[in-house]
Amino acid sequence: MSYYIRILGTQDPDIHLDDISEELDAEALSAQFGVPKNEKPDKWTAFELKNEKGKLLATVERNPVTNEGIGREELDEFKQSILEFQPLSAAKWLNNFFDQVKVIYAIELLPIGMEAENYHIITTTQGLIWELVNGILQADEEGFTNEEGYHILWQFPDDADGEWNCAVLNEKGEWENFNMDLADKKQREEFKAGKVPAGAKRLK
């Protein structure tokens, strides 16, 4: 079963595959790219991300947000879906942020891409695109982040566990960052209420 991570960008520069390759090289990572024959490395709408053995790890699609098309459809779906989740302050912030989004990069991870030896290739690729488009992240079965990468909207399944870096808006409209235990029901409820959980560790 595939899994999606999306990058919602407020800028839409041309990202050359050579830029991604250089970033991977800097991390001592090797990857291969597959681009449709009718597209160029700096004008692609999609590419396949493979490891050095040629195994397909993920596909990356670039969907501009125009008056119509996949990008607009996804953004409209997000606007509707976030109304069902908490904290309410985060849902409102996201709704305003969506008006600035110019492009959505959808990264479909295959199971092999989640394996330890391959996952860093995906996160490095994701990180470069995220930096260049000045945006936020969305992940299936998790939710949305703010621009700094802290999780702000609870969309986890009921059995979620582990430590997670999150943020809530305070009365001044500033983000307060913290690390919480996803399995702790009290912390969950406090986060959903838009509060820093009492049992969470504050982060600067």
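Remember, it's a predicted structure, so these values are computed and weren't measured experimentally.

## What to know about the environment of Pro 13
Summarising the element assignment, Pro 13 is placed in the loop between β1 (3-9) and α1 (17-26). Residue classification places Pro 13 among the partly exposed residues on the basis of a relative accessible area of 28%. Along the backbone, Pro 13 and Val 103 are 90 residues apart, and their C-alpha atoms lie at a distance of 9.5 Å. Beyond its immediate sequence surroundings of up to four residues, Pro 13 is in contact with Tyr 105, Leu 132 and Val 133.

## Points about the pattern of salt bridges
In this structure the tally under the stated criterion is seven salt bridges. The salt bridge involving Arg 62 is made with Asp 12; its shortest N-O contact spans 2.7 Å. Pair noted here: Arg 62 is in strand β4 (residues 56-64) and Asp 12 is in the loop between β1 and α1, with a separation of 50 residues, a long-range link. The shortest N-O distance in the salt bridge between Arg 202 and Glu 176 comes to 2.7 Å. On the criterion of sequence distance, the pair formed by Arg 202 in strand β10 (residues 201-203) and Glu 176 in strand β9 (residues 175-181) is long-range, its members being 26 residues apart. Within the structure, one salt-bridge network assembled from shared partners comprises Arg 6, Glu 74 and Asp 140.

Rules and cut-offs
Residues numbered from 1 in each chain as written. Predicted model: local features only at pLDDT ≥ 70, side-chain atom pairs only at ≥ 80, totals over all residues. Heavy atoms only, no water. Helix = DSSP H or I, 4+ residues; strand = E, 2+ residues; numbered from the N terminus. Buried < 20%, exposed > 50% of the residue type's maximum accessible area, 1.4 Å probe, protein only. Contact = heavy atoms within 4.5 Å. Salt bridge = Lys/Arg side-chain N within 4 Å of Asp/Glu carboxyl O.

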